[in-house]
Amino acid sequence: MTEQHTPSSLILTFYGAYGRAELAGRVPVAALIRLMGAVGVDPPSVRSAVSRLKRRGLLVPDRVGGAAAYALSDDARLLLADGDGRIYGVGAAPDPDPEDWLLAVFSVPESERHKRHLLRSRLAGLGFGTAAPGVWVAPGALHEETRHVLRRLELAPYVDLFRGAHLGFTATEEAVRRWWDLDALAALHHTFLAAHEPVLGRWSAESGAEAESEVGAESGAGAESEVGAESGAGEPSPERAFGDYLRALDTWRRLPYADPGLPPALLPADWPGIRSAAVFTALHVLLRDQGARFVADQ
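Residues numbered from 1 in each chain as written. Predicted model: local features only at pLDDT ≥ 70, side-chain atom pairs only at ≥ 80, totals over all residues. Heavy atoms only, no water.

**Structural notes on the nonpolar core**
Thought 1: Ile11, Phe14, Met36 and Phe242 are the most contacted members of the largest nonpolar core, which has 49 residues in total.
Thought 2: No other element matches the 9 residues that helix α12 (residues 273-296) contributes to this core.
Thought 3: With sequence-adjacent residues up to four places away left out, Phe242 is seen in contact with Phe14, Tyr18, Leu35, Ala38, Gly291, Phe294 and Val295.
Thought 4: Phe106, Val108, Leu142 and Leu150 belong to the second largest nonpolar core, which has 16 residues in total. (Core = buried A, V, L, I, M, F, W, Y, C linked by side-chain atoms within 4.5 Å. Buried < 20%, exposed > 50% of the residue type's maximum accessible area, 1.4 Å probe, protein only. Helix = DSSP H or I, 4+ residues; strand = E, 2+ residues; numbered from the N terminus. Contact = heavy atoms within 4.5 Å.)

**Some words on the layout of surface pockets**
Thought 1: As a volume, the second largest pocket reaches approximately 890 Å³.
Thought 2: Around the second largest pocket sit 32 residues that line it, and Leu79, Leu80, Arg122, Arg253 and Tyr257 are the ones nearest its centre.
Thought 3: Looking at the lining of the second largest pocket, the elements with two or more residues in it are α1 (7-23), α4 (74-88), α5 (113-125) and α6 (143-152).
Thought 4: Looking at the lining of the second largest pocket, the element that brings in the most residues is α4, giving 9 residues. (1 Å grid on protein atoms, 1.4 Å probe; cavity = no way out; pocket = protein on both sides within 12 Å on 5 of 7 lines; lining within 4 Å. Points joined across faces, edges and corners; volume = space filled by probe spheres on them.)

**Observations regarding the pattern of salt bridges**
Thought 1: Tallied over the full model, the rule gives 15 salt bridges.
Thought 2: Put simply, Arg163 and Asp100 hold a salt bridge, and the shortest N to O gap is 2.7 Å. Within this pair, whereas Arg163 is found in strand β7 (residues 159-164), its partner Asp100 is found in the loop between α4 and β4 (101-106), the two being separated by 63 residues in sequence.
Thought 3: Three or more residues joined by partner-sharing salt bridges are found here, namely Glu22, Arg288 and Asp289. (Salt bridge = Lys/Arg side-chain N within 4 Å of Asp/Glu carboxyl O.)

**Quick notes on the packing of α1 against helix α10 (residues 238-252)**
Thought 1: One can describe the packing of α1 onto α10 by two numbers: an axis separation of 9 Å at closest approach and a directional angle of 105 degrees. Our classification of the angle between α1 and α10 gives roughly perpendicular. Residues Ser9, Leu10, Thr13, Phe14, Ala17 and Tyr18 of α1 touch α10, and the partners they reach there are Phe242, Tyr245, Leu246, Leu249 and Asp250.
Thought 2: Here the residues of the contact of α1 with α10 are counted per class, giving 8 nonpolar, 2 polar and 1 charged. (Axes fitted to C-alpha atoms, helices over the stretch in contact; angles between N-to-C directions. Parallel < 35°, antiparallel > 145°, perpendicular 65-115°, else oblique. Nonpolar A, V, L, I, M, F, W, Y, C, P; charged D, E, K, R; others polar.)

**A word on the packing of aromatic side chains**
Thought 1: Within this structure, the stated rule accounts for 13 aromatic pairs.
Thought 2: With centroids separated by 6.3 Å and ring planes inclined at 70 degrees, the aromatic side chains of Trp179 and Trp180 adopt a geometry described as edge-to-face. Both residues of the pair, Trp179 and Trp180, count as buried.
Thought 3: Aromatic rings pair up to connect Phe14, Tyr15, Tyr18, Tyr88, Phe192, Phe242, Tyr245, Trp252, Phe280 and Phe294 into one cluster.
Thought 4: Looking at Arg240, its charged tip hangs above the ring of Trp203, at a distance of 4.1 Å from the centre. (Phe/Tyr/Trp six-rings, centres within 6.5 Å; stacked < 30°, edge-to-face > 60°. Lys NZ or Arg CZ within 6 Å of the ring centre and 35° of its normal.)

**Focus: the sheet that holds strand β5 (residues 129-132)**
Thought 1: An order of β5-β6-β4-β7 is seen for the 4 strands of this open sheet, with the pairing classed as antiparallel. Lying at the two open borders of the sheet, with one neighbouring strand each, are β5 and β7. Strand-to-strand twist in this sheet, taken as the mean axis angle between neighbours without regard to direction, amounts to 30 degrees.
Thought 2: With respect to the sheet, α5 is in contact with β4, β6 (135-139) and β7, its orientation differing from that of β4 by roughly 170 degrees.
Thought 3: Helix-sheet contacts for helix α7 (residues 172-179) involve β4, β5 and β6, and the interaxial angle to β5 is about 110 degrees. (Pairing = 2+ DSSP bridges.)

Shown next, in the form of C-alpha cells:
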C-alpha cells in the first residue's frame, strides 16, 4: 500500500496546520499556489481543489490586502478544531482502561433513513467498531468527543450512549478483533511508517538525532538504520520542512480516527500504532515550526 495525497486533502491539511495560526484562516490564492507547489501540486490542480472545497462549504471567497483569497468557513473551523485533540494527542488517555467501553445504540425512523447513514458514517469516522447491527463500541475515553459531535450534528436524539465493562462471554481481546479489523488498521500504520520514518531519520541526522533517540525510547525500537542514510547537505530548508511535515500530517490525521486508541493490553505485542504515533510526534516537534518560516515568507 502506498500513500496518496490529493490536492483537496493537502489544502485542507495546510489550513489546519498553518492557515489558522499563521494566516488567521485567510489565505491569498497566489500564496496558496506557491505553498502547494512545494508539495508538488500544480496551479490548475490547486484551483480545481479550491473549487471543490468551496462547493463542500469548507472554503469561502475572501480578500486579503485587495488580493483574491479563500477563508475557512465556520463549519470548517469547527471541523478542524474538533480534530486537533485527536490528531495531536491533546488530552488522549495515556493508558486506556481495557474494561472501559462506550456503547452507542441508535434507532432512526424509516422516514429519516438519510440520518441513519449519517450516523453510521460519523460513528465510523470517530473510530467506533461494530459490535452488532445498530450497536457500536469505542474506548470509553471517547465519550465526551462523541457527545460533542452528535450534538453538533443534531443526531443526539437518535442515540443512546452507555459506558461500562465488557463482561463476556467472548474474551475481550478476541472481541476487539471482531469489532475492528486490526489487520487493516496495522496496514495503515505500516504505510505511514514506510513513508515517514525514513524522513524522520534524515531530519534527525541533521539535527543531532535527538528526536530519533526519543522515538526509540518511547516505542522500544530505534530507526538507526535510516539515520544518516540520506542525510541532506547544508542548512535545513524551511521549504523542505514544510513539505515533509505537510505530507506526514496529511497521512497521519486520518490514523487517530481509524485507530481510536485501543488499550495496548488488547492488541498484538508488535502493534505498530505505538511507533507511528511516536514518529509523527517527533516529526511535529522537528518540522512544524521550521515549516512555518516558509509559510511566513509567502
